[in-house]
Amino acid sequence: MFPEIKDIHTVEIQSVDQMFEKFALDAIFKKEITKSASTRDLTNLLSTLFYGSVVTAHIQQLTPIKFFFRKNVEMVLKGLN
């Protein structure tokens, strides 16, 4: 399917939840998140933030959405430290 890309078969395709869980595990191991919480809870929190922000921005017609996402992520991260 992708003959010009070498070793394309080694690329691992992950769902959004899997990427969030990997991100949460990395943050815990690097001591970037200091509160004790399960990775499943953190994954659910990130999913809620991600999907909820999309829905809210669409319903309220917020622009630019990048700043709305950033503000939401920063508020969540302040609560995790």
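Structure's up top.
Read on for an overview of the structure. (Residues numbered from 1 in each chain as written. Predicted model: local features only at pLDDT ≥ 70, side-chain atom pairs only at ≥ 80, totals over all residues. Heavy atoms only, no water.)

Topic: the pattern of salt bridges
(1) Moving on: Tallied over the entire structure, the rule returns 2 salt bridges.
(2) Moving on: Among the ionic pairs, E21 bridges to R40, the shortest N-O distance being 3.8 Å. Placement of E21 in helix α1 (residues 16-29) and of R40 in helix α2 (residues 39-59) is noted, with a sequence separation of 19 residues between them.
(3) Moving on: Overall, E21 belongs to the partly exposed group, its relative accessible area being 27%.
(4) Moving on: Each member of the salt-bridge network shares a partner with another, and the members are D17, E21 and R40. (Salt bridge = Lys/Arg side-chain N within 4 Å of Asp/Glu carboxyl O. Helix = DSSP H or I, 4+ residues; strand = E, 2+ residues; numbered from the N terminus. Buried < 20%, exposed > 50% of the residue type's maximum accessible area, 1.4 Å probe, protein only.)

Side note on the side chain of S47
(1) Moving on: Take S47: it is sitting in helix α2.
(2) Moving on: The exposure class assigned to S47 is buried, which follows from its relative accessible area of 10%.
(3) Moving on: If sequence neighbours within four positions are ignored, S47 has contacts with D17, F20 and G52. (Contact = heavy atoms within 4.5 Å.)

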